[in-house]
Amino acid sequence: MRTYDLILLRFGEIAIKGKNRKRFEKAAYMHIQSLLSAFPKAVIRKEFGRFYIELHGESAERMVPELQKVFGIESVSPVIAVPSELSAIIAAARQYLSEYNLQAPTLFKVNARRVWKGFEHSSHEMNRLVSGPLLHDQIHLKVDVHHPDFELRVEVREDQTYIFSEVLPGAGGYPLGTNGKAVLLLSGGIDSPVAGWSAMRRGLEVECVHFHSYPFTSKKAEEKVIRLAHVLASYAGSIRLHLVPFTEVQTLFTQAKQDNLMITLMRRAMLRIASNIAEQESALALVTGDSLGQVASQTLPSMNVIGRATDLPLLRPLVMMDKAEIIELSKQIGTFDLSILPYEDCCSLFIPKSPSTNPNLRIINKIESVLPGLDDHIKAAVEGTRTIVIQAGDKLTFDQEVEQEQWF
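Not measured: the values here are computed from a predicted model.

What follows covers helix H7 (residues 247–254). Within the sequence span of H7, burial applies to Thr247, Val249, Gln250, Leu252 and Phe253. Of the surrounding secondary structure, the elements contacted by the buried residues of H7 are strand S11 (205–212), strand S12 (238–245), helix H8 (262–280) and helix H13 (374–383).

Following this line, the structure appears as structure tokens:
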């Protein structure tokens, strides 16, 4: 197994932030610092447009997957460092390439950069000086500078030279929390965890709200949502999950005898409750997993009527994505296998055979105005909410999670 000396982290959209750039870089720096608590020998240092993590013996193999989850980081490269001397660079390049054990014919390129202008050879000369011995060692290599299968990168600096080939994708976007805080309505389905991840990727700190309906929904359904929140916490460091008792509110809506409007009424109530929690948590927006036209409550008329239940901005990161795109993203971020577990949440209850796709706001307002004690039920749901703080490093044993509960 190859031993690396450094990990190189490159910024994405942060690079275009101008005068605000330092604030974004600091947020990314603090996020990385928190991850490095699990790697006590590692040290992070900053250069313009990049972070470098000096490993000092820590495992790059273990660290890289964690760094790929840091929002604001565009790409990650494990690097070996050698003295900035031609003989040392060539020797290291030969050793580096030999460890890849390339057997089949391979299109190949050396991409050298002379960052230290005092080095005696130019970037162009270094391409030739390094590639020559490599081509001699491995006769199946063939140079292709435009479309190589394997690109060996050499950065010559004054203190040392960096050699690497892998440019692994990072999470991209903006560093966590740099664009404020929002509350995510987290169900047990496929869409809402992806919406939460997408919101975090755009720089939002996210707190989750989940609605449960005991005894109609099982404890397994709640545990499923806690596990989904734990996946999101692996990208954020920690997640606050607010668990809202929704049974009484749902039961109240059955008294309206408007089965085709049940979903509309429930989702409006959820937004009102989530808005109350957002106010308590100083969050400035709500996030949902709505995708236009996917189900009855996500037609444009339905989203219009439902969205009017809150004065907060309602963010819908997935609104123009189709289901296949959302599923693919859920697999990439690690939520798909949990989302398809067969435990029903409260949104699966009381679903009518023919839900309205074009609800009338005037009728909805009239129904809500005559339902006895609706405001009191919503207030009781907010007051009955319990909050779990989920840390990225937690091993989920649900007895421990009960001990972590904090009540409003």
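After that view, the rundown keeps rolling.
Moving on to a nonpolar patch on the surface. Together, Leu292, Leu300 and Met320 line one region of the surface with nonpolar side chains, adding up to about 350 Å² of accessible area. With respect to the helices, strands and loops of the structure, Leu292 is situated in the loop between strand S13 (286–287) and helix H9 (300–307).

A few words now on the packing of helix H5 (residues 191–201) against helix H10 (residues 323–333). Relative orientation of the contacting elements H5 and H10 amounts to 70°, with a least axis distance of 9 Å. One element, H5, and the other, H10, form an angle in the roughly perpendicular class. With respect to the hand of their crossing, H5 and H10 are arranged in left-handed fashion. Contact residues: Asp191, Pro193, Val194, Trp197 and Ser198 in H5; Lys323, Ile326, Leu329, Ser330 and Ile333 in H10.

With 18 residues, helix H6 (residues 219–236) extends 25 Å from end C-alpha to end C-alpha; this agrees with the ideal 26 Å at 1.5 Å per step. In terms of residue burial, H6 counts as a mostly covered element, since 15 of its 18 residues are buried.

Right, let's talk about the nonpolar core for a bit. In this structure, Ile7, Ile32, Ile53 and Leu152 are the most contacted members of the largest nonpolar core, which totals 52 residues. Top contributing element to this core by residue count: strand S4 (residues 73–82), with 6 residues. Counting residues in each nonpolar core, the second largest holds 37 residues, with Ala199, Ile239, Ile326 and Ile333 among its members.

In the structure shown here, the tally under the stated rule is 22 salt bridges. Between Lys219 and Glu222 there is a salt bridge, and its shortest N-O distance comes to 3.2 Å. With Lys219 and Glu222 both in helix H6 and 3 residues apart, this pair spans about one turn of that helix. According to the relative accessible area criterion, Lys219 is partly exposed, its value standing at 42%. According to the relative accessible area criterion, Glu222 is buried, its value standing at 3%. Among the ionic pairs, Glu281 bridges to Arg240, the shortest N-O distance being 3.4 Å. Placement of Glu281 in the loop between H8 and S13 and of Arg240 in strand S12 is noted, with a sequence separation of 41 residues between them. On the basis of relative accessibility, which here comes to 12%, the residue Glu281 falls in the buried class. Each of Arg45, Glu47, Arg50, Glu54, Arg113, Glu155 and Arg157 takes part in a single network of salt bridges with overlapping partners.

Here we come to the packing of H7 against H13. Where H7 meets H13, the axes come as close as 9 Å, and the angle between the chain directions of the two elements is 160°. As the angle between them shows, H7 and H13 are arranged roughly antiparallel. Crossing of H7 over H13 shows left-handed handedness. Along the contact surface, H7 presents Glu248, Val249, Leu252 and Phe253, while H13 presents Leu374, His377, Ile378 and Ala381. A class-by-class count of the residues in the contact of H7 with H13 yields 6 nonpolar, 1 polar and 1 charged.

The subject of this paragraph is the packing of aromatic side chains. Scanning all chains against the criterion turns up 12 aromatic pairs. Seen in terms of ring centroids, Tyr29 and Phe51 are 5.8 Å apart; in terms of plane orientation they differ by 70°. Their pairing is edge-to-face. Of the two residues, Tyr29 sits in helix H1 (residues 21–35) while Phe51 sits in strand S3 (residues 50–54), which places them 22 residues apart along the sequence. The exposure class of Tyr29 is partly exposed, given its relative accessible area of 25%. Here Phe51 falls in the buried class, since its relative accessible area comes to 0%. Considering the side-chain rings of Phe211 and Phe246, the 5.2 Å spacing of their centres and the 65° angle between planes classify their relative orientation as edge-to-face. Residue Phe211 is found in strand S11, and its partner Phe246 is found in the loop between S12 and H7; the two are separated by 35 residues along the sequence. Take Phe211: its relative accessible area is 4%, and that puts it in the buried class. Each residue in the set Tyr96, Tyr100, Phe108 and Phe150 is aromatic and connected to the rest through ring pairs, giving one cluster. It is Arg2 that lies over the ring of Tyr96; its NZ or CZ is 3.9 Å from the centre. The ring of Tyr235 carries the charged tip of Lys69 above its face, separated from the ring centre by 5.4 Å.

Conventions adopted
Residue numbers run consecutively from 1 along every chain, following the written order of its sequence. For a predicted model such as this one, the threshold for reporting local features is a pLDDT of at least 70, and the threshold for listing and counting side-chain atom pairs is 80 or more; totals across whole chains, interfaces and linings nevertheless cover every residue. To get the side-chain values, all heavy atoms of the structure are used, and hydrogens and water are removed first. Here the term buried applies to any residue with accessible area under 20% of the maximum for its type, exposed to any over 50%, and partly exposed to those in between, with areas from a 1.4 Å probe on protein chains only. A run of H or I in DSSP counts as a helix once it spans at least four residues, and a run of E counts as a strand once it spans at least two, with each numbered from the N terminus. The contact rule is simple, with two residues in contact once any of their heavy atoms fall within 4.5 Å. Like charges are joined within 9 Å and nonpolar side chains (Val, Leu, Ile, Met, Phe, Trp, Tyr) within 5 Å, but only among residues with over 30% relative accessible area and no salt bridge; these make up the patches. With residues, only the protein chains shown are counted as cover, and all accessible areas are computed by Shrake-Rupley using a 1.4 Å probe. For this analysis, a salt bridge means a side-chain nitrogen from Lys or Arg found within 4 Å of a carboxyl oxygen belonging to Asp or Glu. Axis lines are fitted to C-alpha atoms, over the contacting stretch for helices. Their N-to-C directions set the angle, which ranges from 0 to 180 degrees. Orientation categories follow fixed angle ranges, with anything under 35 degrees roughly parallel, anything over 145 roughly antiparallel, 65 to 115 roughly perpendicular, and all other angles oblique. Less than a right angle of anticlockwise turn of the near helix away from the far helix marks a crossing as left-handed, whereas a clockwise turn marks it as right-handed. Helix span, as expected, comes to 1.5 Å for every residue beyond the first. Take the buried residues of types Ala, Val, Leu, Ile, Met, Phe, Trp, Tyr and Cys, join any two whose side-chain atoms come within 4.5 Å, and each joined set is a nonpolar core. In the scheme used here, Gly and all other residues not listed as nonpolar or charged are polar, with Ala, Val, Leu, Ile, Met, Phe, Trp, Tyr, Cys and Pro taken as nonpolar and Asp, Glu, Lys and Arg as charged. Paired rings are identified among Phe, Tyr and Trp, the last through its six-membered ring, by centres lying within 6.5 Å, and are further divided according to the angle between planes into stacked (under 30 degrees), edge-to-face (over 60) and tilted (the rest). For a ring to carry a charge above it, either NZ of a lysine or CZ of an arginine must fall within 6 Å of the ring centroid while also lying within 35 degrees of the normal to the ring plane.

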